[in-house]
Amino acid sequence: MKTQLTTSSGTPVADDNNSISAGERGALTFNNVHLFEKLAHFNRERIPERVVHARGTGAYGTFTLEESLSDHTIADFLQESGQQTEVFVRFSTVGGGQDSSDYARDPRGFAIKFYTKEGNFDLVGNNTPVFFLNDPIKFPDFIHSQKKNPKTNTADPAAMFEFWANHPQSLHQMTILMSDRGIPLNYRHMHGFGSHTFSFWNKQGERFWIKWHFKTQQGIKTVRSEQAHEHPADGAQADLVNAIESGDFPKWTVQLQIMTEAEAQKYHINPFDVTKVWPHKDFPLKDIGTLALNRNVENYFTETEQATFAPSNFVPGIGASPDKMLQGRLFAYQDAHRYRVGVNHNQIPVNQPKCPVNHYQRDGAMAGACPVTGHANSSVNFYPNDQINEGAPVPTPAVAEPPMPIEADAHIQAYSQDKDDYFSQAGELFRLMSADQKAQLTTNIAGGLSQANQSIQQRMLTQLEQADADYAQMVKARL
Ligand code: HEM
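Keep in mind the model is a prediction, meaning the values are calculated, not measured.

Undergrad: Run through the coordination of the iron atom of the ligand, naming residues and quoting values.
TA: Of the protein atoms, Y333 (OH) alone serves as a donor to the iron atom of the ligand, at 1.7 Å. By the secondary structure assignment, Y333 is in helix 8 (residues 324-340).

Undergrad: Give a description of the pattern of salt bridges that names residues and reports values.
TA: Two side chains of opposite charge can pair, provided their charged atoms sit close to one another. For the coordinates displayed, the defined rule picks out 18 salt bridges. A salt bridge links D239 to R188; its shortest N-O distance comes to 2.7 Å. Of this pair, D239 sits in helix 5 (residues 235-245) while R188 sits in the loop between helix 4 (171-178) and strand 5 (192-193), placing them 51 residues apart in sequence. The same class applies to D239 as to R188, namely buried. The network of salt bridges with shared partners includes R50, E305 and R340.

Undergrad: Please set out the nonpolar core residue by residue, giving values where relevant.
TA: Ranked by internal contacts, the top residues of the largest apolar core, which has 41 residues, are F63, L78 and W212. Counting 35 residues, the second largest nonpolar core, distinct from the first, contains V52, F161, L177 and A452.

Undergrad: So, the pairing of strand 7 (residues 207-216): which residues are in play, and what are the values?
TA: Of all 10 residues making up strand 7, 10 are buried, and the element is well covered by its neighbours. In strand 7, alternate side chains face the same way, and those of R207, W209, K211, H213 and K215 on one face and F208, I210, W212, F214 and T216 on the other are all buried. As paired strands, strand 5 and strand 7 are joined by 2 bridges and run antiparallel to one another. Opposite F193, over in strand 7, you have H213 as the bridge partner. In the sheet, strand 6 (residues 198-201) pairs with strand 7 via 4 bridges, with the strands oriented antiparallel. If you follow F198 over to strand 7, its bridge partner there is I210. Between the end of strand 6 and the start of strand 7, which pair antiparallel, lie 5 residues, with G205 showing a positive phi angle near 80 degrees.

Undergrad: Talk me through the packing of aromatic side chains; I want residue IDs and the actual numbers.
TA: Evaluated as defined, the whole model comprises 30 aromatic pairs. Note on F77 and F121: the rings are 6.1 Å apart at their centroids and 40 degrees apart in plane angle, and the pair reads as tilted. With F77 in the loop between strand 1 (56-65) and strand 2 (84-93) and F121 in strand 4 (residues 119-126), the pair connects residues that are 44 residues apart, well separated along the chain. There is no split in this pair, since F77 and F121 are both buried. A centroid spacing of 5.1 Å and a plane angle of 10 degrees characterise the contact between F91 and Y187, whose relative ring orientation is stacked. Taken together, the residues F91 in strand 2 and Y187 in the loop between helix 4 and strand 5 connect sequence positions 96 residues apart. There is no split in this pair, since F91 and Y187 are both buried. Counting every residue linked through ring pairs, the aromatic cluster contains F63, F77, F91, F110, F114, F121, Y187, F200, W212, F214 and W252. Its end group placed over the ring of Y60, R295 keeps NZ or CZ at 4.1 Å from the ring centre. The cationic tip of K354 hangs over the ring face of Y115; the distance from NZ or CZ to the ring centre is 4.3 Å.

Undergrad: Tell me about a nonpolar patch on the surface, and name the residues and values.
TA: On the surface, Y383, I388 and V394 cluster together into a nonpolar patch covering about 260 Å² of accessible area. With relative accessibility at 45%, the residue V394 sits in the partly exposed group.

Undergrad: Requested: an account of the side chain of D468, with residues and values cited.
TA: Here D468 lies in the loop between helix 11 (454-467) and helix 12 (469-478). By relative accessible area, which is 11% here, D468 ends up buried. Polar side-chain contacts of D468 include one of 2.7 Å to the side chain of R431. Discounting chain neighbours no more than four positions away, the residues touching D468 are G427, F430 and R431.

Undergrad: Break down unusual backbone geometry for me, citing the residues and quoting the values.
TA: In this structure, the amide linkage connecting Y383 to the following residue, P384, adopts the cis form with an omega of 0 degrees. Counting through the fold element by element, P384 comes out in the loop between helix 8 and helix 9 (424-432). At H53, a position not held by glycine, the phi torsion is positive, near 60 degrees. Structurally, H53 is set in the loop between helix 1 (33-43) and strand 1. Of note in this structure, S195 is not a glycine but carries a positive phi near 65 degrees. Positionally, S195 belongs in the loop between strand 5 and strand 6.

Conventions and cut-offs
- Residues numbered from 1 in each chain as written.
- Predicted model: local features only at pLDDT ≥ 70, side-chain atom pairs only at ≥ 80, totals over all residues.
- Heavy atoms only, no water.
- Donors = N, O, S within 2.8 Å, 3.2 Å for Na, K, Ca; no water.
- Helix = DSSP H or I, 4+ residues; strand = E, 2+ residues; numbered from the N terminus.
- Salt bridge = Lys/Arg side-chain N within 4 Å of Asp/Glu carboxyl O.
- Buried < 20%, exposed > 50% of the residue type's maximum accessible area, 1.4 Å probe, protein only.
- Core = buried A, V, L, I, M, F, W, Y, C linked by side-chain atoms within 4.5 Å.
- Pairing = 2+ DSSP bridges.
- Phe/Tyr/Trp six-rings, centres within 6.5 Å; stacked < 30°, edge-to-face > 60°.
- Lys NZ or Arg CZ within 6 Å of the ring centre and 35° of its normal.
- Patch = residues over 30% accessible without salt bridge, like charges linked within 9 Å, V, L, I, M, F, W, Y side chains within 5 Å.
- Areas by Shrake-Rupley, 256 points an atom, 1.4 Å probe, with all protein chains shown as cover.
- Polar contact = N/O pair within 3.5 Å; in protein donor to acceptor, adjacent residues only side chain to side chain.
- Contact = heavy atoms within 4.5 Å.

Here's what the structure looks like:
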């Protein structure tokens, strides 16, 4: 039996090839309602692209816990070894628009939505353990300097280095970006990191600081700068889709670093500064499970494009840390989603929690689009109310985060972190590199820096000098 073509209101369509017109050579008429609907819907097919991480690829999979974390957290999905949790993961580049290349020298986004029984936990990380900044007030300026020049609408390496020359806090991440790791071969052959420090708390109300790591089981594979142009723009996306389609499911070993509150107080590195790593010798990696991707999306737009990840999506037992960048992100993402997708974005299937959703938020654009979470019903819409015994939702005090101490003499004012040491870890990373890696790193830096003026070059060299004299010397020689 053939399927009947209809309008979006369900009416059978008589002809989808020819518009209705006044005579063979005449103009169209106003009863072309099917034509009008078709053109009008087409005009509205796009939503704004993400302001950063616009270009991405998503897939579903499973997180399997192999080591109970009940000593450290009450998070429901981290209690019993063998527990499985469905996930949606979106990989992305950062600076390019939707139709840019998968082979840009750029960090890669590694965003994971865990659909737990107590709500969605989103870990919105990158393929690098650190970030360029440690204060969110700098994020828009930084991104402006990395995206296209406002006049030429082309990449502007001089602007990138102008920003970095003025921000020693970026040196560690800039070193990673310009290194041989800067262009991953695809999304399967790279690590993922939560990057920030997060909070765990257990039944006793004890808090731990933790960092998430996802180590690729496919091995690291990268592309050298001079080879990037040989790869098709969609190469990384095609690689992931094809691997999953053929049953070659990519996997990552999931690891944690854990720090107690007491250790954090006396650790020589600020544990809440996302420009720095916690050296593994001080805080070893603990294997806790496996992340595997095993199902492609059915429709790219409805699932991957409309996926909304938010660092503020926590579950009981997991929270934020005092990391100032993370705090900024707690605001930015939900705000972006309300603008880009709409106030009821959590009703779209890819974002819908796989647990009951009960609250008193009502209405807004497209309310009721999802019969499960849409609240298109007659239930009470205010709290407190007298209908608790008939099933009206009530808060659960037991899931409250334990109080977080602040410094005894803290003052509310603008805090500069400019005087911190941003050089040691960049220098340590440089000294770990082989001769070939050092050559790639310094050639890549010189390539971009050569397009900036003398003053910027000099400020950059002064930073490199403080990290490692050879690092500065090698860049200078290549300039
Ligand atoms: C204050 C700093 C930051 C701000 C204000 C910020 C803001 C944003 C915004 C507005 C989006 C687009 C969201 C959307 O429209 O769906 C985004 C996407 C993203 N950001 Fe950030 N960001 C910051 C720092 C970071 C850091 C430090 C990381 C990683 C460690 C990161 C990783 C990502 C990822 C992976 C995505 C893409 C998520 C997806 O696949 O949909 N961002 N960011």
